[in-house]
Amino acid sequence: MELPLRCRCGHVQGVTDVSAGFRLVCYCKDCQAFARFLERPDVLDAAGGTDIFQMPTGRVRFTAGADAVRCLSFSSGIFRWYTECCRTPIGNTAGPRFPVVGLIHSFMDHEAAGRSRDHVLGPPLCRIYERSAVGPLPPDAAAPPSLRLFAGRAASLFGWWLRGLGRPNPFFDDRGAPRSVARVLTPSERAALNGVNGV
Ligand SMILES: [Zn+2]
Ligand SMILES: [Zn+2]
């Protein structure tokens, strides 16, 4: 199932196949700090959650504006990608060898085809890191992950790796280097971004 990808201003575009993946909502502090760093609080839901679709990296392809793709690292081995043009979050990756990208809803252009996110991706399967939520979760929030979901996800990820679905990797070159030099936040920058969280 093809889905167009597009940053808010349209400079960066791409296409993806969302036939396999896991939709979840992440309430972790780093995801919130990422939105804050980009000055895009609109990406988060009312409780600070980020709507993410974890899918094979090789199924994401940039078709325009790849020069504006930037990388941010919170020093925990997670590479967070966004567009420099309009500061749209693209997604999160865990290094060149992990065949998964957590694509963020803000970069998916469901509206282009007049379809809702739920229609294209199905409802979120679970929520994670809800202890970092900044407000009450909506009554219809997805449940925490079950053991069964964890196991199924692990098996799928292993399958993607076996089938080589992590490649071609649009975020890392063949030597495993990020295609855009990762900007690593200093501890004080990070503290400043997280600090707002406690208010
Ligand atoms: Zn843009
Ligand atoms: Zn997160």
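Residues numbered from 1 in each chain as written. Chains lettered and ligands numbered in written order. Predicted model: local features only at pLDDT ≥ 70, side-chain atom pairs only at ≥ 80, totals over all residues. Heavy atoms only, no water.

Participant: Can you explain the coordination of the zinc ion (ligand 1)? Please cite residues and give values.
Facilitator: The zinc ion (ligand 1) binds to the protein through C7 (SG), C9 (SG), C85 (SG) and C86 (SG); the donor distances cover 2.3 to 2.4 Å. One can describe the site at the zinc ion (ligand 1) as tetrahedral: its four donor atoms subtend angles covering 104 to 120 degrees at the metal. One chain supplies every donor to the zinc ion (ligand 1), and in sequence these donors are spaced C-x1-C-x75-C-C. With a relative accessible area of 36%, C85 lands in the partly exposed category. (Donors = N, O, S within 2.8 Å, 3.2 Å for Na, K, Ca; no water. Tetrahedral: all angles 85-135°; square planar, octahedral: opposite > 155°, others 65-115°. Buried < 20%, exposed > 50% of the residue type's maximum accessible area, 1.4 Å probe, protein only.)

Participant: Residue-level account of a nonpolar patch on the surface, with values.
Facilitator: On the surface, a cluster of nonpolar side chains totalling about 380 Å² of accessible area is made up of F158, W161 and L162. Mapped onto the fold, L162 is located in helix α3 (residues 147–162). (Patch = residues over 30% accessible without salt bridge, like charges linked within 9 Å, V, L, I, M, F, W, Y side chains within 5 Å. Areas by Shrake-Rupley, 256 points an atom, 1.4 Å probe, with all protein chains shown as cover. Salt bridge = Lys/Arg side-chain N within 4 Å of Asp/Glu carboxyl O. Helix = DSSP H or I, 4+ residues; strand = E, 2+ residues; numbered from the N terminus.)

Participant: Can you break down the coordination of the zinc ion (ligand 2) residue by residue, with the values?
Facilitator: Only C26 (SG), C28 (SG) and C31 (SG) from the protein reach the zinc ion (ligand 2) as donors, at distances of 2.1 to 2.3 Å. All donors of the zinc ion (ligand 2) belong to a single chain; written as a sequence motif, their spacing is C-x1-C-x2-C. For C26, a relative accessible area of 5% translates into the label buried. In this structure C31 comes out as buried when scored by relative accessible area, which is 6%.

Just geometry here; none of it tells us what the structure is for.
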